[in-house]
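Now for the letters of each chain:
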Amino acid sequence: MSILEAIILGALQGLTEFLPVSSSGHLQLAKELLGVELESNLTFDVLLHMATVLSTVVVLWSEIWWLIKGIFRRGMNDEKSYFLKLVVSMIPIGIVGLLLRDKIDALLASQYIMVVVGAMLLLTALLLTFAYYAKPRNKATISYRDAFIIGLGQAVASMPGLSRSGTTIATGLMLGNEKAAVATFSFLMVLAPIVGQTLLDLADGGMTMVGVSTQSLVAGFVSAFVVGCLACKTMIGIVKRGKLVWFAIYCAIVGMIAIASYFM
């Protein structure tokens, strides 16, 4: 893997982790185009995910610090309630990770993966379209019920090509929650699952690298972090302005291209 390829993959991870266009789907497409096997470069893959985690922490630091301070105060408060909602939202993805992880990994290695990615991108487009036209109710506070349902959306988005941020944000909006609140909740709720998945990958595969230099690792990490910071801030603004329909159009086009590429 060259430094340029590492920068491209890092930027792609940082961009698509936050924009509702599916990071897994686009990385799968990039692998096909660049001929890079991330499965044999676990260390690089892990670094990209940790870079996006770090970018989330940097952009949403005020919210994270608000939670940390509140958690250590006595008695029940808004911060502890919000934290518990985040925990509730993580339950479905935790179950999927424990029970279906091997099946999802097998799907990624399937010869039909481009068809799956294309179909899930089309589903992402459908969800974003529904969210765009959903009648707003603007609930200022996400309830425990909504947190769990949004968590179910995140679990379903384990399918390659189905955008995690797109699914969770669309689900939250269709439930009638306020736009900025949904965007922030969506990005915070993924921190623990990404870190947990990373630790599981390391426990299973160790630190593996094939044809990746230290310079490429650093370049990929920096690229993913910088682009991730920009994408996270941009996405919160996009959700506030309600411009998700443009991503629906993009996902529909890329999804059809991905399906068509399988038959060519």
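In what follows, the structure referred to is the one given above.
My aim in this report is to walk through the structure given alongside it, one point at a time. (Residues numbered from 1 in each chain as written. Predicted model: local features only at pLDDT ≥ 70, side-chain atom pairs only at ≥ 80, totals over all residues. Heavy atoms only, no water.)

## Some words on the overall build of the chain
Within the chain, the secondary structure is distributed over 12 helices and 0 strands. Listing every helix and strand of the chain by position from the N terminus yields α-α-α-α-α-α-α-α-α-α-α-α. Relative to its full complement of 264 residues, the chain shows a buried share of 50%. (Helix = DSSP H or I, 4+ residues; strand = E, 2+ residues; numbered from the N terminus. Buried < 20%, exposed > 50% of the residue type's maximum accessible area, 1.4 Å probe, protein only.)

## Observations regarding the pattern of salt bridges
Scanning the entire structure with this criterion turns up 3 salt bridges. Linking E79 and R73 is a salt bridge whose minimum nitrogen-to-oxygen distance equals 2.9 Å. Here D146 ties to R145 by a salt bridge, and the two come within 2.7 Å at their closest N and O atoms. Take R145: its relative accessible area is 54%, and that puts it in the exposed class. (Salt bridge = Lys/Arg side-chain N within 4 Å of Asp/Glu carboxyl O.)

## Examining helix α7 (residues 144-156)
The terminal C-alpha atoms of α7, which comprises 13 residues, lie 19 Å apart, in line with the 18 Å expected from a rise of 1.5 Å per residue. What α7 keeps buried is the set D146, A147, I150, G151, G153, Q154 and A155. (Expected span 1.5 Å × (residues − 1).)

## Things to note about the packing of helix α5 (residues 78-108) against helix α9 (residues 179-189)
When two helices pack together, their arrangement is given by the angle between their axes and by how far apart the axes lie. At a minimum axis distance of 10 Å, the contact between α5 and α9 shows a crossing angle of 65 degrees. Here α5 and α9 pass one another in a crossing that is right-handed. Within the contact between the two elements, α5 uses Y82, K85, L86, S89 and M90 and α9 uses T184, F185, L188 and M189. Classifying every residue of the contact of α5 with α9 gives 6 nonpolar, 2 polar and 1 charged. (Axes fitted to C-alpha atoms, helices over the stretch in contact; angles between N-to-C directions. Left-handed = near helix turned anticlockwise from the far one by under 90°. Contact = heavy atoms within 4.5 Å. Nonpolar A, V, L, I, M, F, W, Y, C, P; charged D, E, K, R; others polar.)

## Comments concerning the side chain of E17
Looking at where E17 falls in the secondary structure, it is placed in the loop between α1 (3-16) and α2 (23-34). A polar contact is formed between the side chain of E17 and the side chain of Q13, at a distance of 2.9 Å. With sequence-adjacent residues up to four places away left out, E17 is seen in contact with S23, T52, R164, S165, V190 and I194. (Polar contact = N/O pair within 3.5 Å; in protein donor to acceptor, adjacent residues only side chain to side chain.)

## Overview of the layout of surface pockets
Its boundaries defined by the atoms lining it, the second largest pocket holds a volume of some 210 Å³. I64, L67, I68, I71, F83, L86, V87, M90, L188, L191 and A192 together form the lining of the second largest pocket. Looking at the lining of the second largest pocket residue by residue, the class counts come to 11 nonpolar, no polar and no charged. (1 Å grid on protein atoms, 1.4 Å probe; cavity = no way out; pocket = protein on both sides within 12 Å on 5 of 7 lines; lining within 4 Å. Points joined across faces, edges and corners; volume = space filled by probe spheres on them.)

## Re the nonpolar core
I169, F185, F187, L188, M235 and L244 are the most contacted members of the largest nonpolar core, which totals 51 residues. The element that contributes the greatest number of residues to this core is helix α6 (residues 113-133), accounting for 10 residues. Excluding its chain neighbours within four sequence positions, the residues that come into contact with L188 are L60, E63, I64, L67, Y82 and L86. (Core = buried A, V, L, I, M, F, W, Y, C linked by side-chain atoms within 4.5 Å.)

## Some thoughts on a nonpolar patch on the surface
Nonpolar side chains collect at one region of the surface, where I91, I95, L98, L99, L100, F148 and L152 lie side by side and expose about 690 Å² of accessible area between them. Only α5 and α7 provide two or more residues apiece to the nonpolar patch. When residues of the nonpolar patch are assigned to their parent elements, the largest contribution, 5 residues, is made by α5. With respect to the element layout, I95 can be found in helix α5. (Patch = residues over 30% accessible without salt bridge, like charges linked within 9 Å, V, L, I, M, F, W, Y side chains within 5 Å. Areas by Shrake-Rupley, 256 points an atom, 1.4 Å probe, with all protein chains shown as cover.)

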